[in-house]
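# Residue-level structure breakdown
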Amino acid sequence: MADDDGPLYLGFDLSTQQLKAIVVNSNLKTVVQAKVDFDGDFARRYGIHKGVHVREETGEVFAPVAMWLESVDLVLDRLYRNTPVSLSRICGISGSGQQHGSVYWNDQAPKLLGSLTPDRSLASQLSAALAHEWSPNWQDQSTQKECDAFDAELGDREKLAEATGSGAHHRFTGPQIMRLRKALPQMYASTSRISLVSSFLASVLLGSIAPLDIGDVCGMNLWDVPNQRYSPALLALAGGTEGAEDLRSKLGEPQVDGGAPLGRISEYFVRRYGFSPRCQIVPFTGDNPATILALPLRPLDAIVSLGTSTTFLMNTPRYKPDGSYHFFNHPTNKGHYMFMLCYKNGGLAREKVRDALPPTGGTADWQAFNEAVLTTPPLGMVNDEDKAKLGLYFYLRETVPNIRAGTWRFHCDADGSNLQEAPAWPREVDPRIIVESQALSMRLRARKLVHSPRNDLPAQPRRIYLVGGGSLNPAIARVIGDVLGGVDGVYKLDVGGNACALGGAYKALWALEREPGQTFDQVIAPRWKEEGSIERVDRGYREGTYEQYGSVLGAFGQMEKTLLAAETD
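This structure is a prediction, so every number in the text was calculated from the model and none was measured.

This paragraph deals with the domain arrangement of the protein. What the domain assignment reports for the protein is domain 1 (8-289) and domain 2 (347-488 + 539-566). Computed from C-alpha coordinates alone, the two centres of domain 1 and domain 2 are separated by 37 Å.

What follows is the structure in structure tokens.
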């Protein structure tokens with residue numbers, strides 16, 4: 001079917017600071033896109049900064065739900081006015097929402113969602129459907145007591161991770177629900193349903209409460225991943241001893257099939273924006289699961305996001321949980337999981353090391369940083385008798401591992417033995433060591449999930465895709481390839497900052513164009529064009545160098561354990 005008259009698919013991304021909408025055709029070509037910037041469009045009205053309110057004294061970070069409702073109308077109005085095609089051609093809609101945020105509906109929500117009139121805005125009609133006008137944001141840090149309780153409930157943090165895919169985290173929805181139930185008991189009692197941000201947006205478009213997504217439900221510390229059900233013990237913890245079943249009812253059962261349409265779009269959007277009444281709403285997922293749908297990412301492929309923070313993502317059939325990282329159900333591939341590492345000390349930490357270098361022409365710059373990286377040998381070892389240098393550069397308290405802010409330098413023999421604290425080394429060595437340390441931490445934690453991609457090769461990723469600002473840096477790409485391998489190379493991925501929205505659009509396309517039993521990858525991969533989206537920036541695996549880093553991996557882990565033990569002394 002020709003591109004100019006075939007079906008279209010719409011993907012949304014409701015993030016902390018923006019709502020994006022992108023339309024693609026069956027060949028995955030972008031047709032039109034629009035966005036709402038919360039600060040630019042709504043800062044004066046809602047008093048937000050970077051999309052949220054912050055209450056410093058309590059650590060609370062939250063967003064006004066009414067602002068999101070206004071944003072849906074505004075982004076669709078911009079799409080409607082600027083698109084070169086009719087929105088009636090859109091056959092399916094899916095998308096993503098910032099993970100861990102929650103929306104609290106009252107008992108009027110089903111009626112109000114199902115009776116929207118096109119002559120009034122969503123915010124004016126649906127604000128009355130909210131039991132709570134605010135949604136806790138993923139940056140929230142107000143739930144330490146609740147996290148401690150979650151970590152202890154099943155025995156310890158590792159047992160919680162075995163059950164739910166993650167140890168307890170401030171931002172996770174279970175601890176957030178637990179805190180709000182105690183802090184705002186009347187609000188909680190008046191809540192009839194709880195949505196995640198993803199299912200909230202799907203509910204608005206559907207005109208009824210949408211179920212939680214099978215991938216996004218794992219970001220709650222409530223979902224028992226091995227048994228694919230809510231944990232009764234954790235429901236009782238979050239909802240109260242007598243309130244476990246009530247909380248289960250408020251959450252509803254998740255949609256197991258990520259490609260099963262939930263129903264037709266609300267009449268509101270048909271009459272107001274010209275959508276087809278046959279347009280289907282497909283389950284929305286979290287922003288991180290949506291990211292891996294934008295490639296599509298195959299097993300043994302990895303994404304490294306090199307932004308202000310650093311994120312490592314893999315699609316894997318292996319469930320190997322640990323309290324220091326995250327496992328989620330894969331949003332489309334049953335029996336697969338999304339493995340995720342999140343580091344606070346990413347780009348800003350590298351900048352701090354850059355700024356400590358002797359200035360070039362009066363100012364520190366990336367050229368000097370890169371030159372220092374590339375002229376320093378792996379692990380700072382000038383010769384075979386030299387000590388291997390290992391370091392941690394935490395300018396913020398880190399979560400992987402949970403170590404206070406500080407800089408630590410160690411060294412060991414080439415085989416990883418004789419680990420000791422090291423005296424200070426020249427500042428010009430630090431750029432190489434910080435990038436190595438960030439990559440070594442990823443390799444240490446992903447080693448259970450990788451296997452040999454080919455005969456006679458050590459276990460490693462097949463391909464590594466770099467995204468974010470650091471992906472543009474050739475020196476960082478070189479070290480990522482040295483440490484993590486990647487037998488088919490290291491690639492810079494460029495989807496224009498729209499990965500989450502694209503992942504949603506592709507998910508809708510798969511749901512409506514798949515044949516019985518056809519997987520997401522079988523539908524999307526043949527249509528996904530590498531040209532213009534990825535660029536090979538490093539060869540990846542280098543025989544000898546990769547093994548050299550493997551020899552000190554145990555020492556790197558021991559360095560972390562030594563510092564963790566000092567935290568409790």
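Applying the stated criterion across every chain yields a total of 33 salt bridges. E245 is the salt-bridge partner of R248, the closest N and O atoms lying 3.3 Å from each other. Taken together, the positions of R248 and E245, both in helix α11 (residues 244-251) and 3 residues apart, correspond to about one turn of that helix. Taking the shortest distance from any N to any O, the salt bridge between R354 and D355 comes out at 2.9 Å. Each of R432, E436, R478, D482, D538 and R542 takes part in a single network of salt bridges with overlapping partners.

Annotation from UniProt places "domain: Carbohydrate kinase FGGY N-terminal" (unreviewed entry) at residues 8-292. Between the C-alpha atoms that bound residues 8-292 the distance is 21 Å, and the span itself is 39% helix and 21% strand.

Moving on, we come to the nonpolar core. Within soluble globular proteins, side chains that are nonpolar generally end up buried alongside one another. Core analysis: the largest hydrophobic core is formed by 124 residues, its most contacted members being F150, L222, L251, F312, F339 and L390. If one sorts the elements of this core by residue count, helix α18 (residues 499-513) sits on top with 9 residues. In this structure L251 touches I177, R193, I194, L212, M220, L222, Y230 and L235, once residues within four positions along its chain are discounted. In this structure, F12, V61, L122 and A129 belong to the second largest nonpolar core, which totals 58 residues.

A word on helix α2 (residues 65-82). Taking 1.5 Å as the rise per residue, α2 with 18 residues should run 26 Å; its terminal C-alpha atoms sit 26 Å apart, in good agreement. Listing the buried residues of α2 in full gives V65, A66, M67, W68, L69, E70, S71, V72, D73, V75, L76 and L79.

The topology assignment puts V85 in the loop between α2 and β6 (90-97). Leaving out residues up to four positions away in the same chain, V85 has contacts with L8 and V31.

This brings us to helix α5 (residues 144-153). Burial in α5 covers these residues: E146, C147, F150 and D151. Viewed along the axis of α5, the buried residues span an arc of 135°, placing them on a single side of the element. Pointing more than 90 degrees away from the buried face of α5 are the exposed residues K145 and A152. Tucked into the core, α5 has its buried residues touching α6 (157-164), α7 (173-183) and α10 (232-239). Downstream of α5 by a residue or two, G155 has a phi angle that is positive, lying close to 130°.

Relative to the assigned elements, Y465 resides in strand β22 (residues 463-467). When the C-alpha atoms of Y465 and L313 are compared, they prove to be 9.7 Å apart, with 152 residues separating the residues in sequence. In this structure Y465 touches L295, L297, D301, A302, I303, V304, Y491, L493 and I534, once residues within four positions along its chain are discounted. Of note is the side chain of Y465, whose polar atom sits 3.1 Å from the side chain of R463.

Once that is clear, we can look at the sheet that holds strand β15 (residues 301-306). Backbone-to-backbone hydrogen bonds join strands into a sheet, with any given pair of strands oriented parallel or antiparallel. If you trace the 7 strands from one edge of the open sheet to the other, you get β17-β18-β16-β15-β22-β23-β24, paired in mixed fashion. Only two strands of the sheet have a single partner each, and these edge strands are β17 (326-329) and β24 (534-538). Each strand of the sheet is rotated relative to its neighbour by a mean of 25°, with strand direction disregarded.

According to the stated counting rule, one finds 0 disulfides in the structure shown. Considering cysteine sulfurs only, C342 is the nearest to C147, which forms no disulfide, with 15 Å between them. Classification of C147 by relative accessible area gives buried; the value is 3%.

A separate point is the pairing of β22. Counting buried positions along β22 yields 5 of 5 residues, so the element is predominantly enclosed. The alternating pattern of β22 places R463, Y465 and V467 on one face and I464 and L466 on the opposite face, and all of these are buried. For the segment spanning β22, helix α17 (residues 474-484) and strand β23 (residues 490-493), crossover handedness is right-handed.

Our next topic: the sheet that holds strand β20 (residues 406-412). Ordered in space as β19-β20-β21, the 3 strands form an open sheet in which the pairing is antiparallel. Looking at strand neighbours, the two that pair on one side only are β19 (388-394) and β21 (420-421), the edges of this open sheet. Across 7 bridges, β19 lies against β20 in antiparallel orientation. Along β20, the bridge assignment pairs K389 with H411. Against the sheet, helix α16 (residues 430-446) makes contact with β19 and β20, and its axis sits at roughly 80° relative to β19, the strand it touches most.

Within the fold, S135 resides in strand β8 (residues 134-136). Separated by 2.8 Å, the side chain of S135 and the backbone oxygen of S102 make a polar contact. Leave out the neighbours within four places in its chain, and S135 touches V61, F62, A63, V65, W68, G101, S102, V103 and V197.

Once that is clear, we can look at the packing of aromatic side chains. All told, the structure shown has 21 aromatic pairs when counted by the stated rule. Between Y319 and F327 the ring centres are 5.3 Å apart and the planes differ by 70°, which places this aromatic pair in the edge-to-face class. Ring geometry for Y319 versus Y337: centroids 5.1 Å apart, planes at 40°, classification tilted. Of this pair, Y319 sits in the loop between β16 (310-316) and β17 while Y337 sits in strand β18 (residues 337-343), and the two are 18 residues apart along the sequence. Classification of Y319 by relative accessible area gives buried; the value is 19%. Of the residues examined, Y337 reaches a relative accessible area of 15% and is grouped as buried. Taking NZ or CZ as reference, R354 lies 4.8 Å from the ring centre of W366, over its face.

Reading guide: rules and limits
- All residue numbers here refer to positions counted from 1 along the written sequence of the relevant chain.
- Where totals are concerned, whole chains, interfaces and linings use all residues; where local detail is concerned, this predicted model gives features only for residues with pLDDT of at least 70, and gives and counts side-chain atom pairs only at 80 or more.
- Processing note: side-chain calculations cover all non-hydrogen atoms of the structure and skip hydrogens and water entirely.
- Either an automatic procedure or a domain database provided the assignment from which the domain bounds are taken.
- Salt bridges are counted wherever a side-chain nitrogen of Lys or Arg sits within 4 Å of a carboxyl oxygen of Asp or Glu.
- Numbering of helices and strands runs from the N terminus, with a helix taken as a DSSP run of H or I at least four residues long and a strand as a DSSP run of E at least two residues long.
- UniProt positions are given in the numbering used here, feature names are shortened, and annotations may be inferred rather than shown by experiment.
- Side-chain atoms within 4.5 Å link the members of a nonpolar core, which is a set of buried Ala, Val, Leu, Ile, Met, Phe, Trp, Tyr and Cys residues.
- Classification of residues uses two cut-offs on accessible area relative to the type maximum, computed with a 1.4 Å probe and protein chains only: under 20% is buried, over 50% is exposed, and between them is partly exposed.
- A contact between two residues is defined here by any heavy atoms of the two lying within 4.5 Å.
- To estimate how far a helix should reach, multiply one less than its number of residues by 1.5 Å.
- It is the directions from the helix axis to the C-beta atoms that the arc portrays.
- Polar contact is defined as a pair of N or O atoms within 3.5 Å, subject to the rule that within protein one atom must be able to donate a hydrogen and the other to accept it, and that residues adjacent in sequence are counted only when both atoms are side-chain atoms.
- Only strands that DSSP links by at least two bridges are regarded as paired with each other.
- Interaxial angles span 0 to 180 degrees and are taken between N-to-C directions of axes, which are lines fitted to C-alpha atoms, for helices over the stretch in contact.
- Note on disulfides: each one is a pair of cysteine sulfur atoms within 2.5 Å.
- A clockwise course of the path from the first strand over the helix to the second, judged with the strands pointing away from the viewer, identifies a crossover as right-handed.
- Between the rings of Phe, Tyr and Trp (Trp by its six-membered ring), a pair exists once the centres lie within 6.5 Å; its type follows the angle of the planes, with under 30 degrees stacked, over 60 edge-to-face, and the other angles tilted.
- Consider the ring centre and the ring normal. A charge sits over the ring if Lys NZ or Arg CZ is within 6 Å of that centre and within 35 degrees of that normal.

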